[in-house]
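The primary structure of each chain is shown beneath.
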Amino acid sequence: MIDHIGLAVSDIARSRAFYEKALAPLGMHVLATIPPDRTETGGTAVMFGGAEGVTFVIADNERPGEGNHVAFRAGTRDQVEAFHAAALAAGGTDHGAPGLREHYGPTYYAAFVLDPDGFNIEAVCHAAE
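The structure displayed is predicted, hence computed values, not measured ones. (Residues numbered from 1 in each chain as written. Predicted model: local features only at pLDDT ≥ 70, side-chain atom pairs only at ≥ 80, totals over all residues. Heavy atoms only, no water.)

Enquirer: Whenever I open this one, the confidence of the model for the protein confuses me. Can you help?
Expert: Any region with low pLDDT has predicted coordinates that should not be read closely. Mean pLDDT over the protein: 90, with 99% of residues reaching 70 or higher. When mean pLDDT is compared element by element in the protein, strand 6 (residues 93-100) scores highest at 96, while strand 5 (residues 69-73) scores lowest at 89. (pLDDT = per-residue confidence, 0-100. Helix = DSSP H or I, 4+ residues; strand = E, 2+ residues; numbered from the N terminus.)

Here is the structure:
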């Protein structure tokens, strides 16, 4: 299952204004804004979603296309670790070993790999253990 999709944008303020209006009819709104000193890319991230949590993220400080990513939801932390190992064995490139990313949430346990085309693919578990 998809956890969230992230897009790199060239102008965070312009894109935020666009998506705030465009996504409102779908019941989505800004849930959080993460400042540059708390992101892994050194840019600003704006997280959109609804009752189910964050489902769409825009961020700057990467060229559009390069910063795009898909995060798949894992049920357990062991699945995150297995995803990372399997992706590396399949030819992916490590882009962030399995571990807590508390700047995204207290139980945000994720791993990142770059696929053969350089897209950032993530597995994330939100469970406490």
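Enquirer: Hey, could you run me through the side chain of asparagine 120 in this one?
Expert: With respect to the helices and strands, the residue asparagine 120 is situated in strand 8 (residues 120-125). For asparagine 120, the residues in contact, after removing those within four places along its chain, are Asn68, His69, Val70, His95, Phe112, Val113 and Leu114. (Contact = heavy atoms within 4.5 Å.)

Enquirer: What should I look at first to understand the side chain of serine 15 in this one?
Expert: Along the polypeptide, serine 15 turns up in helix 1 (residues 12-23). Judged by relative accessible area, which is 11%, serine 15 ranks as buried. Leave out the neighbours within four places in its chain, and serine 15 touches Val9 and Ile58. (Buried < 20%, exposed > 50% of the residue type's maximum accessible area, 1.4 Å probe, protein only.)

Enquirer: Explanation requested: the nonpolar core in the structure shown.
Expert: Where a protein is soluble and globular, its nonpolar side chains tend to be buried together. Among the nonpolar cores identified, the biggest contains nine residues, and these are Val9, Ile12, Tyr19, Leu23, Met28, Val46, Phe48, Phe56 and Ile58. Of all the secondary-structure elements, those providing two or more residues to this core are helix 1, strand 3 (45-50) and strand 4 (53-59). Per-element tally for this core: the top contributor is helix 1, with three residues. Setting aside anything within four residues of it in sequence, one finds phenylalanine 56 in contact with His4, Ile5, Leu7, Tyr19, Leu23, Met28, Val46, Met47 and Phe48. Counting six residues, the second-largest nonpolar core is a separate cluster that includes Ala74, Val80, Ala111 and Cys125. (Core = buried A, V, L, I, M, F, W, Y, C linked by side-chain atoms within 4.5 Å.)

Enquirer: What is the right way to look at the sheet that holds strand 2 (residues 29-34) in this model?
Expert: What links the strands of a sheet is backbone hydrogen bonding, and the strands pair in either a parallel or an antiparallel sense. Read from one edge to the other, the open sheet built from eight strands follows the order 2-3-4-1-5-8-7-6, with strand pairing classed as mixed. Whereas interior strands pair on both sides, the edge strands pair on one side only; in this sheet they are strand 2 and strand 6. Geometrically, the sheet is characterised by an average inter-axis angle of 20° between neighbouring strands, direction not taken into account. Pairing of strand 6 with strand 7 (residues 109-114) involves five bridges; the strand directions are antiparallel. Opposite glycine 99, over in strand 7, you have alanine 110 as the bridge partner. Docked against the sheet, helix 1 engages strand 1 (2-8), strand 2, strand 3 and strand 4, running at close to 145° with respect to strand 4. On top of the sheet, helix 2 (residues 77-89) reaches strand 6, strand 7 and strand 8; it is set at about 10° to strand 7, its chief contact. (Pairing = 2+ DSSP bridges. Axes fitted to C-alpha atoms, helices over the stretch in contact; angles between N-to-C directions.)

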